[in-house]
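Topology and contacts: notes
Listed below, chain by chain, are the residues.
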Amino acid sequence: MKKRRFLALFMAVAMLGIFALTGCSGNNTQQQDNTSAPSAQTAEGDLLAQIRERGDIIVAMEGTWAPWTYHDEDDNLVGYDVEVAQAIAEKLGVEATFVEGEWDGLLAGLSAGRYDIMVNGVDIDPARQETYDFSDPYAYNRTAVITTNQNSDINTLEDLQGKHTANTISSTYAQLAEQYGAEVTGVDDLNQTFELLLSGRIDATLNAEMTYYDYMKAHPEAELKIAVLTEEANRIGIPMRKGEETAALREAINNALAELGEEGVLSELSEKYFGRDISQAS
């Protein structure tokens, strides 16, 4: 009998110990979750915090638009925007991870959250500002109407009425051409645009003034000219998703751009890729 009582007492004490340990274990798990919760809460809704926690900023660009973003002879991704993005990432204390794609899908991917920012010579215009938040301008660029040397029909923007041009459909260049009555053919990249122009299948294309100079440097035999050059330069900025979640990121990027401007980095990169300083309004 005594053995049975002792055994029952022993079992009861053992069960109490197990319950106590189980309770302590559950409390520790709860505490660990609570400890990590503030970090998750801080990152939620704050894209800059997420980027720093991740260790990289995801940058969207075409990779086919020299000298802004393109591949060199060794297939390395290079260009003004590539180095600007890398310099910004360094200021933020993270690495730059580049994702390349066709222009028409880059802004959509930005809206969908697949990329953090887009660095691709993007013009700041009112229509885009309704959907995206932009950084301060980091470059200024005039629009050129490019034709073949033999074309004498286009001398003003108004002369685009009824003409055939080619551009990526959602670009400001396509929108400007349509505004002046041109029929725009959609293309995937810059090389395709010049192929259409040189083969006579389009009358003109609208593009960045600096892009024309870069193309002619690489193809001096190309019989192309700038027929019209806009007087006012477009402001180039970095778009990101609109909203409070990007407020801290936008401020950090603006601070980085300001520092890079003061340090002369933007001017040096501009001279390197364009042969002139386009980092400041003329």
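Residues numbered from 1 in each chain as written. Predicted model: local features only at pLDDT ≥ 70, side-chain atom pairs only at ≥ 80, totals over all residues. Heavy atoms only, no water.

Moving on, we come to the overall build of the chain. Helix and strand counts for the chain stand at 10 helices and 15 strands. When each of the 282 residues of the chain is scored for burial, the buried share is 43%. Considering only intrachain contacts with a sequence separation of at least 6, the fraction spanning at least 24 residues in the chain is 68%. Split by element, the accessible area of the chain, about 14,900 Å² in all, is 49% carbon and sulfur. (Helix = DSSP H or I, 4+ residues; strand = E, 2+ residues; numbered from the N terminus. Buried < 20%, exposed > 50% of the residue type's maximum accessible area, 1.4 Å probe, protein only. Contact = heavy atoms within 4.5 Å. Areas by Shrake-Rupley, 256 points an atom, 1.4 Å probe, with all protein chains shown as cover.)

Here the focus is the packing of aromatic side chains. Tallied over the entire structure, the rule returns seven aromatic pairs. Here W68 and Y80 contribute two aromatic rings whose centre-to-centre distance is 6.0 Å and whose plane-to-plane angle is 80°, an arrangement assigned as edge-to-face. On the criterion of sequence distance, the pair formed by W68 in the loop between strand 1 (56–61) and strand 2 (70–71) and Y80 in helix 3 (residues 80–92) is long-range, its members being 12 residues apart. No difference in accessibility class separates W68 from Y80, as the two residues are buried. Taken together, a centroid distance of 6.1 Å and an interplanar angle of 20° make the contact between Y80 and Y138 stacked. Pair noted here: Y80 is in helix 3 and Y138 is in the loop between strand 7 (132–134) and strand 8 (139–141), with a separation of 58 residues, a long-range link. Y138 gets classed as buried once you look at its relative accessible area, which sits at 1%. By the ring-pair criterion, three or more aromatic residues cluster together here, those being W65, W68, Y80, Y138 and F274. (Phe/Tyr/Trp six-rings, centres within 6.5 Å; stacked < 30°, edge-to-face > 60°.)

This paragraph deals with the pattern of salt bridges. Going through the model one piece at a time under the given rule, you end up with nine salt bridges. The salt bridge involving R54 is made with D56; its shortest N-O contact spans 2.9 Å. According to the relative accessible area criterion, R54 is partly exposed, its value standing at 41%. A salt bridge links K242 to D133; the nearest nitrogen and oxygen atoms lie 2.9 Å apart. A residue pair is termed long-range when its members are at least 10 positions apart, and K242 in the loop between strand 15 (239–241) and helix 9 (247–262) and D133 in strand 7 qualify at 109 residues. Here K242 falls in the partly exposed class, since its relative accessible area comes to 40%. The network of salt bridges with common partners includes R54, D56 and D116. (Salt bridge = Lys/Arg side-chain N within 4 Å of Asp/Glu carboxyl O.)

Turning to the environment of V99, a few remarks are in order. Here V99 is to be found in strand 4 (residues 95–100). By relative accessible area, V99 is classed as partly exposed at 29%. Each C-alpha atom, one on V99 and one on M61, is 6.4 Å from the other, the two residues being 38 residues apart in sequence.

Moving on, we get to the side chain of E62. Here E62 lies in the loop between strand 1 and strand 2. If sequence neighbours within four positions are ignored, E62 has contacts with T69, E100, G101, W103, L106, N120 and D188.

An order of 4-1-5 is seen for the three strands of this open sheet, with the pairing classed as parallel. What marks the edges here is a single partner per strand, and that holds for strand 4 and strand 5 (117–118). Here strand 1 runs beside strand 5; their pairing, made up of two bridges, is parallel. If you follow A60 over to strand 5, its bridge partner there is M118. Together, strand 1 and strand 4 form the strand contacts of helix 3, whose direction differs from that of strand 4 by roughly 145°. (Pairing = 2+ DSSP bridges. Axes fitted to C-alpha atoms, helices over the stretch in contact; angles between N-to-C directions.)

Here we come to helix 4 (residues 103–111). When helix 4 is considered as a whole, its buried residues turn out to be W103, L106, L107, G109 and L110. Take helix 4 and look down its axis: the buried residues cluster within an arc of 160°, on one side only. Buried residues belonging to helix 4 abut strand 1, strand 5, strand 6 (122–123), helix 5 (126–129), strand 7 and strand 15. Positive phi shows up at G113, right after helix 4, with a value of about 85°. (Arc of directions from axis to C-beta.)

This part takes up helix 10 (residues 265–274). For the α-helix, the turn length of 3.6 residues means that residues three or four positions removed from each other point alike. Looking only at helix 10, the buried set comprises L266, S267, L269, S270, Y273 and F274. Buried residues of helix 10 fall within an arc of 165° about the axis and therefore sit on the same side. Those residues of helix 10 that are exposed and aimed more than 90 degrees away from the buried face are E268 and K272. Those residues of helix 10 that are buried lie in contact with strand 2, strand 3 (77–78), helix 3, helix 8 (209–218) and helix 9. G275 sits one or two residues past helix 10 and shows a positive phi near 80°.

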